[in-house]
Amino acid sequence: VSANEEGYDPIQWNTSTNTHPPWLRFHLGISRWQMYQQKDPNLSALTQQLASHRIVSAVQKSGGTQLKLVMSFPNYGQALFKPMKQERDEETNVNLYYFSDFERHNAEIAAFHLDRYQLSPGALGQLTSILGFRRMPPAVGRLINVIKEVKDITTDHKLVTTFFTSPVICSLSLSSVGNACFYGQCSYYCSTEHAICGRPREVEGSLAAMLPDESLAPRRSWRSPWRRSYSRSKLADWEKYSNYCDSVKKIPPYDRGTRLVDLIDMTILDFLMSNMDRHHYETFEKFGNDTFLIHLDNGRAFGRYSKDEPSILAPLVQCCRIRRSTLLRVRLLSLAPYRLSDVMRASLSQDPLAEVAPLLTEPHLSALDRRLETVLQTVHECLQQHQHHSDVIYDDIIDYRED
C-alpha cells in the first residue's frame, strides 16, 4: 500500500507494536481461542477510532443480500458500515420470513456488547463481562454524513448513481429541501422504496472492525448442522428427528474437541438475541479445527421482543451439552445484582449512538431476561434426563486448588 495516497497518513510503522495503529494491533492480537484478550487495552482505542476517525473512502461491499459499505480511515484501517433500516421500537413483521428480514445496525452493536468481555470499571459492581465469548469483531455506532462521508469521497461509480434527494421538505434546515438518499445495488432492499436516507444528511449506522484480509488470514466457512432449510415448505433434518444430534456427534469436527460446545455457545447467543439466520459460521484456517467460531453477521438479531423462537435452541435441547464456564456465566446473569438486562443497558449506554436513543428498547432488554431463564430451564431439564452431570456439562475450567 502506498503511503502517498491522497487522504491517508504516511506509514511510520515498524516491528514494534507501539508503532502500530489500533486496527493492526487488533489483527495481530487474534489468537486460537478468542478475537481479543480478556482485558485488551487496545479495544478502547480501536472503538474510539471507529466512532470518530475521519473517513477517506467508502465503497459498497460486494456480495451479500443487503447494502453494506466498506469505510477506510487515514491509518489504513477499515470498517464495515451497516446503515439504519428501521426504528428501534419497530418489530419484524410476524409474516416475514427470517431470510428476508432487514439487517439492523443496532443489532450489530448490541450483539458485540452481548458477546464481549469487558465493561467499564465500576459498572454494576465487580462484573467485568457479559457472556465473555470475545468471538465477534468490535462494533460501534456512528452518525454518517451521506454526502460528505459517502458520495463526495467514493470511487464506486455505481453507488454514486443511486443517490437522490427525497421530495420531503426538511424542517431542520430552511435552506434545503429533501433528505439525501441512496440505495446501492444488492439482492434485497436496494431500491428507491428501501433507500437509506439522511435526516437531512446524517444517517445512523454500525461500524464493525474488518477482519484481516483473507489473503493474509484465510477463513474457512462451515455449514451449520442446524441450518434452516430456507424453504417455505420443506423442513430440515434437525426439525424432523429428535435424535438428530446423535448423528452430528459422529461427524468431524463435532466428534472431538470443543467444536460442539462452541456451536452451542453460539446457539445460546443467537437465542438470547433471537437471531434465526445462522446458516454458516467461519473459523481461521491457521488454527485448524481446534479454535473459536467467529460470530459474524448479526444484523438480523433483535427483530422481535414479544416472541421467542425456541427452535434456535435446538442444538442445546437435542445434544444436552454446555460448557461449565458458559453455564456459570448464564447463572450469574440471572441473579438480581447482575441481571442481564441491567448489564446490557449499562454497557450499551457507552456507545456513541446512545446519545441519540437507547440502542435497545426496554421490551428488548426484558426479552433478554426472559430468554435467559429459558436457557437455564433447558439445562435443568437436561440434567434431569442424564444420570451423570458430566454427560451434560463440559468442564472447561481448570481446578488450580492445591492438594
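Criteria and thresholds
- Residues numbered from 1 in each chain as written.
- Predicted model: local features only at pLDDT ≥ 70, side-chain atom pairs only at ≥ 80, totals over all residues.
- Heavy atoms only, no water.
- Disulfide = S-S within 2.5 Å.
- Helix = DSSP H or I, 4+ residues; strand = E, 2+ residues; numbered from the N terminus.
- Buried < 20%, exposed > 50% of the residue type's maximum accessible area, 1.4 Å probe, protein only.
- Axes fitted to C-alpha atoms, helices over the stretch in contact; angles between N-to-C directions.
- Parallel < 35°, antiparallel > 145°, perpendicular 65-115°, else oblique.
- Left-handed = near helix turned anticlockwise from the far one by under 90°.
- Contact = heavy atoms within 4.5 Å.
- Nonpolar A, V, L, I, M, F, W, Y, C, P; charged D, E, K, R; others polar.
- Domains from an automatic or database assignment.
- Salt bridge = Lys/Arg side-chain N within 4 Å of Asp/Glu carboxyl O.
- Polar contact = N/O pair within 3.5 Å; in protein donor to acceptor, adjacent residues only side chain to side chain.
- Pairing = 2+ DSSP bridges.
- Core = buried A, V, L, I, M, F, W, Y, C linked by side-chain atoms within 4.5 Å.
- Phe/Tyr/Trp six-rings, centres within 6.5 Å; stacked < 30°, edge-to-face > 60°.
- Lys NZ or Arg CZ within 6 Å of the ring centre and 35° of its normal.

1. Points about the state of the cysteines
Point 1. Counted according to the given criterion, the structure contains four disulfides.
Point 2. Linked covalently through their sulfurs, cysteine 181 and cysteine 197 form a disulfide whose S-S length is 2.1 Å. What sets the handedness of the cysteine 181 and cysteine 197 disulfide is the S-S torsion sign, and at about 110° it is right-handed. Here the residue cysteine 181 occupies a position in strand E6 (residues 180-182), and cysteine 197 occupies one in strand E7 (residues 196-197), the gap between them amounting to 16 residues.
Point 3. Since its relative accessible area comes to 0%, cysteine 181 is described here as buried.
Point 4. Among the residues examined, cysteine 197 registers a relative accessible area of 29% and is labelled partly exposed.
Point 5. The disulfide that involves cysteine 320 links it to cysteine 382, with 2.1 Å between the sulfurs. What sets the handedness of the cysteine 320 and cysteine 382 disulfide is the S-S torsion sign, and at about -80° it is left-handed. In this pair, cysteine 320 sits in the loop between helix H9 (314-319) and strand E11 (322-323) while cysteine 382 sits in helix H12 (residues 362-385), placing the two residues 62 residues apart along the sequence.

2. Concerning the packing of helix H11 (residues 340-348) against H12
Point 1. At their nearest, the axes of H11 and H12 sit 8 Å apart, and the two run at 140° to each other. As judged from the angle between their axes, H11 and H12 are oblique. Crossing of H11 over H12 shows right-handed handedness. Contact residues: Leu340, Ser341, Met344 and Arg345 in H11; Glu362, Leu365, Leu368, Asp369 and Leu372 in H12.
Point 2. By residue class, the composition of the contact of H11 with H12 is five nonpolar, one polar and three charged.

3. A closer look at the domain arrangement of the chain
Point 1. Here the domain parsing of the chain yields domain 1 (21-209) and domain 2 (219-394).
Point 2. Using C-alpha coordinates to define each centre, domain 1 is positioned 23 Å away from domain 2.
Point 3. Each partner contributes to the interface: domain 1 provides 56 residues, whereas domain 2 provides 55 residues.
Point 4. Connecting domain 1 to domain 2 are two salt bridges.
Point 5. Arginine 135 is the partner of aspartate 265 in a salt bridge, and the nearest nitrogen-oxygen pair spans 3.1 Å.
Point 6. Counting across the interface, domain 1 meets domain 2 through 22 residue pairs in polar contact (both at pLDDT 80 or more).
Point 7. Sorting the residues of the side of domain 1 that touches domain 2 by element identifies helix H3 (105-115), strand E4 (139-145) and strand E8 (202-209) as the ones contributing at least two each.
Point 8. Here the element with the most residues in the side of domain 1 that touches domain 2 is H3; it accounts for ten residues.
Point 9. A breakdown of the residues in the side of domain 1 that touches domain 2 according to their chemical character gives 26 nonpolar, 15 polar and 15 charged.

4. Topic: the sheet that holds E8
Point 1. One open sheet holds the five strands; their spatial order is E1-E2-E3-E8-E4, and the pairing between them is antiparallel. Because the sheet does not close on itself, it has two edges, and the strands there are strand E1 (57-60) and E4. Averaged over all pairs of adjacent strands, the angle between their axes in this sheet comes to 35°, without regard to strand direction.
Point 2. On top of the sheet, helix H2 (residues 42-52) reaches strand E3 (78-83), E4 and E8; it is set at about 20° to E4, its chief contact.

5. Brief notes about the packing of H3 against H11
Point 1. With their axes 10 Å apart at the nearest point, H3 and H11 run at an angle of 120° to one another. In this structure, the crossing between H3 and H11 has a hand that is right-handed. In this structure, H3 uses Ile109, Ala110, His113 and Leu114 to contact H11, whose residues at the interface are Leu340, Met344, Ser347 and Leu348.
Point 2. Considering only residue class, the contact of H3 with H11 consists of six nonpolar, two polar and no charged.

6. Focus: the nonpolar core
Point 1. The biggest cluster of nonpolar side chains holds 102 residues, and the ones touching the most others in it are Met71, Leu114, Trp226, Leu340 and Met344.
Point 2. With nine residues, helix H8 (residues 259-273) is the single largest residue contributor to this core.
Point 3. When residues of this core are assigned to domains, at least three fall in each of domain 1 (21-209) and domain 2 (219-394).
Point 4. The contact partners of methionine 71, leaving out residues within four places of it in the chain, are Ile55, Ser57, Ala58, Gly77, Gln78, Ala79, Phe81, Ile144, Glu149, Val150 and Leu207.

7. A closer look at the pattern of salt bridges
Between side chains of opposite charge, a pair can form as their charged atoms come close.
Point 1. For the structure shown, the criterion picks out 24 salt bridges.
Point 2. A salt bridge links arginine 142 to glutamate 149, with the nearest nitrogen and oxygen atoms 3.3 Å apart.
Point 3. In this structure glutamate 149 comes out as buried when scored by relative accessible area, which is 18%.
Point 4. Lysine 307 is the partner of glutamate 309 in a salt bridge, and the nearest nitrogen-oxygen pair spans 3.1 Å.
Point 5. Several salt bridges share partner residues, and in doing so they unite Lys68, Lys82, Glu103, Glu108 and Asp297 into one network.

8. Thoughts on the packing of aromatic side chains
Point 1. All chains considered together, the criterion is met by eleven aromatic pairs.
Point 2. When the centroid spacing of 5.7 Å and the interplanar angle of 75° are considered together, the rings of tryptophan 13 and tryptophan 23 count as edge-to-face. Of this pair, tryptophan 13 sits in the segment before helix H1 (22-29) while tryptophan 23 sits in helix H1; the two residues are ten residues apart in sequence, bridging distant segments of the chain.
Point 3. Joined through ring pairs, the aromatic side chains of Tyr8, Trp13, Trp23 and Tyr76 make up one cluster.
Point 4. Over the aromatic face of tryptophan 222 sits the side chain of arginine 220, whose NZ or CZ is 3.8 Å from the ring centroid.

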